[in-house]
Every structure is written in structure tokens, then in C-alpha cells.
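Overview (structure and organization)
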Amino acid sequence: MNIEVVEVGPRDGLQNESVIVPTAAKVAYVEALVAAGLRRIEAVSFVHPVRVPQMADAEEVMARVPRVSGVRYAGLVLNERGLDRALKAGMDEVNVVVVATETFSQRNQGMSVDDAVRGFGVIAGRAREAGLGVTLTVGASFGCPFEGEVDPARVAELVRRCPEAQEVALADTIGVGVPSDVRRLVEAVGEVSARPLRFHFHNTRNTGYANALAALEAGAAALDASAGGIGGCPFAPAATGNIATEDLLYLLHRSGVTTGADLPGVLAAAALIEAELGERLPAQLGRAGIWPATGP
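Residues numbered from 1 in each chain as written. Predicted model: local features only at pLDDT ≥ 70, side-chain atom pairs only at ≥ 80, totals over all residues. Heavy atoms only, no water.

So, the packing of aromatic side chains
Under the defined criterion, the tally for this structure stands at three aromatic pairs. Between Phe104 and Phe146, the aromatic rings sit 5.8 Å apart at their centres with planes inclined by 70°, giving edge-to-face as the arrangement. Here the residue Phe104 occupies a position in helix α5 (residues 102–109), and Phe146 occupies one in the loop between β5 (133–139) and α7 (152–160), the gap between them amounting to 42 residues. A residue is classified by how much of its surface remains accessible, and Phe146, at 28% relative accessible area, is partly exposed. Consider the rings of Phe199 and Phe201, whose centres lie 5.5 Å apart with planes at 10°: the pair is stacked. Neither Phe199 nor Phe201 differs from the other in exposure class; each is buried. The ring of Phe146 has Arg107 lying over it, and the distance from NZ or CZ to the ring centre is 4.3 Å. (Phe/Tyr/Trp six-rings, centres within 6.5 Å; stacked < 30°, edge-to-face > 60°. Helix = DSSP H or I, 4+ residues; strand = E, 2+ residues; numbered from the N terminus. Buried < 20%, exposed > 50% of the residue type's maximum accessible area, 1.4 Å probe, protein only. Lys NZ or Arg CZ within 6 Å of the ring centre and 35° of its normal.)

This is the structure:
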């Protein structure tokens with residue numbers, strides 16, 4: 001069995017850190033992730049720098065990252081202005097978010113869900129015409145920090161209304177889901193779409209890795225993870241880090257699942273960004289080490 005791991009540390013990871021990482025360090029982080037065999041990397045976001053100052057240097061980062069055959073770089077875009085920037089920066093993919101609840105949509109994007117759906121259609125159409133891949137991420141698919149429980153039928157309806165997406169990512173933005181929620185969402189979305197499913201888990205309540213295994217067993221095509229376990233959402237209270245790429249890889253590889261990624265290489269990338277941030281990161285493997293131990 002194999003699954004694709006999408007590295008989101010350079011974007012979803014760094015956007016929620018209080019330290020604004022210099023451009024050169026961001027590029028070195030991406031270089032280390034590429035060297036570790038990761039082939040889909042969400043590297044930047046094209047949002048207004050006043051709202052997310054950690055991503056203000058998106059164009060400069062993209063001008064300096066390694067362009068390696070088989071490596072695809074994704075950027076988060078929320079509107080047509082963001083898409084214009086992504087096109088000029090030479091992105092391979094765009095990730096466009098539609099949030100499942102009205103309150104969070106207003107907090108996160110400053111628009112209603114209906115407006116976000118309409119905007120998605122325009123952005124996706126233009127992006128596909130330009131040859132870019134398009135991912136629809138349904139934010140707060142598992143629960144909302146402001147409105148509580150989210151009905152899987154609501155998530156499925158949003159997926160149905162966004163047919164331009166080539167891939168659907170279901171995001172547990174605040175880390176409230178459990179494996180049974182994963183299965184319910186897969187079933188609900190499967191009734192309206194046959195597009196590949198990708199999952200984005202946060203480990204806020206220590207269920208992220210169990211959810212990742214549940215998604216794998218339910219047929220997910222891809223899983224997001226962040227080297228070091230950094231990240232969160234600036235507009236969601238108490239949204240802690242993503243599941244860590246190295247911890248996820250240890251779980252998957254020990255379970256006989258292939259990913260194409262090199263675990264020691266990901267540990268090196270995580271150590272690099274940990275030194276830059278100046279604090280111990282949430283990931284566990286960098287503390288405990290690979291088992292059985294490799295090398296001297």
C-alpha cells in the first residue's frame with residue numbers, strides 16, 4: 001500500500017508561528033524537504049501580508065526554491081488577486097479554501113460561504129486554464145470553533161457545489177475529529193464525488209494520527225503533514241500544530257505503507273526549522289529517535 005504525503009510545513013506550519021522566519025531559512029527548509037524525497041510541498045500562501053505577515057515574502061521564496069523534476073509546489077489562494085500572484089510566481093498547484101460554516105468563513109476569509117463557493121469557481125476555472133492543479137480544501141470539515149458540530153452532509157454539499165476541483169481536501173482545522181468522523185465524512189462525500197480525497201489533520205486533541213490511519217483505511221489518496229509538527233490557523237482559537245511529517249512517516253512505514261519520503265531527511269529538515277524558530281517543536285520522533293536505531 002502507498003499514500004502521498006503532502007508537506008505543508010512551509011505554509012500552514014510557518015504561518016502560525018510568532019517568529020517571522022527569514023526568506024533564506026524558508027528556502028533552506030524547502031530544500032531540505034525536497035532532498036528528503038517529498039514531492040508535493042505547499043510552500044507559500046498568497047494572502048494579504050497584513051493578515052498573515054509570515055507569508056509576505058511568497059514571491060521571493062518561490063523565486064529561490066529548487067525546481068526539481070517531479071516536485072510540485074502549491075500555494076494557498078483565497079481570491080483572484082492571490083491567484084494572479086500565484087500565476088506570476090510559477091506555482092504548479094493552488095489550494096483554495098471554502099470553510100464549512102458561516103462564522104468561520106467570515107473570520108477566515110471575510111466572506112460568506114456562498115461567496116466563497118462562487119469565488120472558488122472563478123479561481124479554479126482560471127487556474128485550470130493556466131494548467132495549474134486545483135485542490136478544494138473544505139475548512140472546519142470536522143467541527144467549527146464558533147458553531148460547533150458540522151454535519152457531514154453540509155461538507156458533502158459544498159464539495160458538490162465545487163465541481164471544478166481536481167482534488168478534495170477535508171480539513172480538521174481545529175483538531176476535534178476522531179476516526180469515526182473520518183469514516184462518516186468519506187461516506188458522505190463519496191455520495192457526491194469520486195475525486196481523490198486528501199485529509200488535513202491537526203493534533204490538537206491527540207487524535208490526528210489515529211485519524212490519519214482511518215483516512216488511509218478509508219481510501220484517502222493523500223495526507224497533509226508538517227515537518228516538526230508546526231502550524232495551526234491564525235483565525236481559529238486554540239488551533240495547534242499539524243500532525244508531524246516525521247511522526248506520520250514512522251507510523252506509515254512501520255505499518256508497511258510506502259510514501260517515497262526519507263525519514264532521516266525529514267528529521268534533518270525539522271531540526272533546521274526548529275533551530276530557526278528557537279523552541280522545541282511538537283513532533284516526537286526528533287526527541288525519541290528512529291527505532292530500531294540506524295547507523296552507529
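Here the narrative resumes, following the displayed structure.
A closer look at the pattern of salt bridges
Under the counting rule described, the total for this entry stands at 18 salt bridges. Among the salt bridges present, the one from Glu59 reaches Arg85, with a minimum N-O distance of 2.6 Å. Placement of Glu59 in helix α3 (residues 58–64) and of Arg85 in helix α4 (residues 80–89) is noted, with a sequence separation of 26 residues between them. Since its relative accessible area comes to 12%, Arg85 is described here as buried. Among the salt bridges present, the one from Glu167 reaches Arg198, with a minimum N-O distance of 3.0 Å. Here Arg198 lies in strand β7 (residues 197–201) and Glu167 lies in strand β6 (residues 167–172), a separation of 31 residues in the sequence. Owing to a relative accessible area of 9%, Glu167 belongs among the buried residues under this scheme. (Salt bridge = Lys/Arg side-chain N within 4 Å of Asp/Glu carboxyl O.)

These figures come from the coordinates and say nothing about function on their own.
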